[in-house]
Amino acid sequence: MADPDARRQLGDGAAAAGDQEIKEQDRLLPIANVGRIMKQILPPNAKISKEAKETMQECVSEFISFVTGEASDKCHKEKRKTVNGDDVCWAFSALGFDDYVDPMRRYLNKYRELEGDRAAAAASSRAASGPDLPSTSGAANATGHFMFNAMDRSDNSSSRQF
């Protein structure tokens, strides 16, 4: 890694790990996804500049890394290798993002409930189709996508809900 600023940003641990350089595409969320999320909250006719998308891309990627790093440190201290949703909620609180904890807990509970329902549907579908036949149940293959409304935006009628 030739750039000393990049080495400083990665920290001493990354520099000691064989001078592996992290590619920008691996460090940042895809800009198309960031732009899509930004558009969801703006009025339908609003436009977003490339600079605004890139700025937001950097910010959200850094925020995710910041929170995940805190959750990872907790897991490391507890001698665990897997960061789970509860660790992320703990990290939000530990970092002072208390307003995010309750919405994240609600989302996490809904997610777990949905995953339990999906697993039960898949199990019942496998039992009904017999041991040799693959499952064709739509419930077992559902993507389980639901929206996460972290903040109440009811006072802003011109924006689209996300």
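Before reading further, recall that the structure is shown in the block above.
As the structure is a computational prediction, the values presented were derived from the model and not from experiment. (Residues numbered from 1 in each chain as written. Predicted model: local features only at pLDDT ≥ 70, side-chain atom pairs only at ≥ 80, totals over all residues. Heavy atoms only, no water.)

Caption draft 1: Focus on unusual backbone geometry. Positive phi is not limited to glycine here, since K79 has a value of about 55 degrees. As for its placement among the helices and strands, K79 is situated in the loop between α5 (50–77) and α6 (85–94). Of the residues examined, K79 reaches a relative accessible area of 77% and is grouped as exposed. (Helix = DSSP H or I, 4+ residues; strand = E, 2+ residues; numbered from the N terminus. Buried < 20%, exposed > 50% of the residue type's maximum accessible area, 1.4 Å probe, protein only.)

Caption draft 2: Expanded view of a nonpolar patch on the surface. Residues L29, F63 and I64 make up a contiguous nonpolar surface patch of about 230 Å² in total accessible area. Of note, L29 is situated in the loop between α3 (24–27) and α4 (31–41). The exposure class assigned to L29 is partly exposed, which follows from its relative accessible area of 35%. (Patch = residues over 30% accessible without salt bridge, like charges linked within 9 Å, V, L, I, M, F, W, Y side chains within 5 Å. Areas by Shrake-Rupley, 256 points an atom, 1.4 Å probe, with all protein chains shown as cover. Salt bridge = Lys/Arg side-chain N within 4 Å of Asp/Glu carboxyl O.)

Caption draft 3: Region of interest: the packing of aromatic side chains. Tallying each qualifying case throughout the model produces six aromatic pairs. Relative to Y100, the ring of F92 lies with its centre 5.7 Å away and its plane at 20 degrees, an arrangement referred to as stacked. Through pairs of rings, three or more aromatic residues link up here, namely F63, F92, F97 and Y100. Against the face of W90 rests K74, its NZ or CZ located 5.6 Å from the ring centre. (Phe/Tyr/Trp six-rings, centres within 6.5 Å; stacked < 30°, edge-to-face > 60°. Lys NZ or Arg CZ within 6 Å of the ring centre and 35° of its normal.)

Caption draft 4: Local environment of the nonpolar core. V67, A71, C89, A91, F92, V101, M104 and L108 together form the largest nonpolar core, which totals eight residues. Of all elements in the fold, only α5, α6 and α7 (98–129) reach the threshold of two or more residues within this core. (Core = buried A, V, L, I, M, F, W, Y, C linked by side-chain atoms within 4.5 Å.)

Caption draft 5: Geometry of the environment of S61. Along the chain, S61 falls in helix α5. Placed 34 residues apart in sequence, S61 and R27 show a C-alpha to C-alpha distance of 7.2 Å. Dropping the residues within four chain positions of it, S61 is found in contact with R27, L28 and L29. A distance of 2.8 Å separates a polar atom in the side chain of S61 from the backbone oxygen of Q57. (Contact = heavy atoms within 4.5 Å. Polar contact = N/O pair within 3.5 Å; in protein donor to acceptor, adjacent residues only side chain to side chain.)

Caption draft 6: Expanded view of the packing of α6 against α7. Put simply, α6 and α7 touch, their axes get as near as 8 Å, and they point 170 degrees apart. Compared by their axis directions, α6 and α7 come out roughly antiparallel. Contacts from G85, D86, C89, W90, F92 and S93 of α6 reach α7 at D98, Y100, V101, M104, R105, L108 and R112. Here the residues of the contact of α6 with α7 are counted per class, giving seven nonpolar, two polar and four charged. (Axes fitted to C-alpha atoms, helices over the stretch in contact; angles between N-to-C directions. Parallel < 35°, antiparallel > 145°, perpendicular 65-115°, else oblique. Nonpolar A, V, L, I, M, F, W, Y, C, P; charged D, E, K, R; others polar.)

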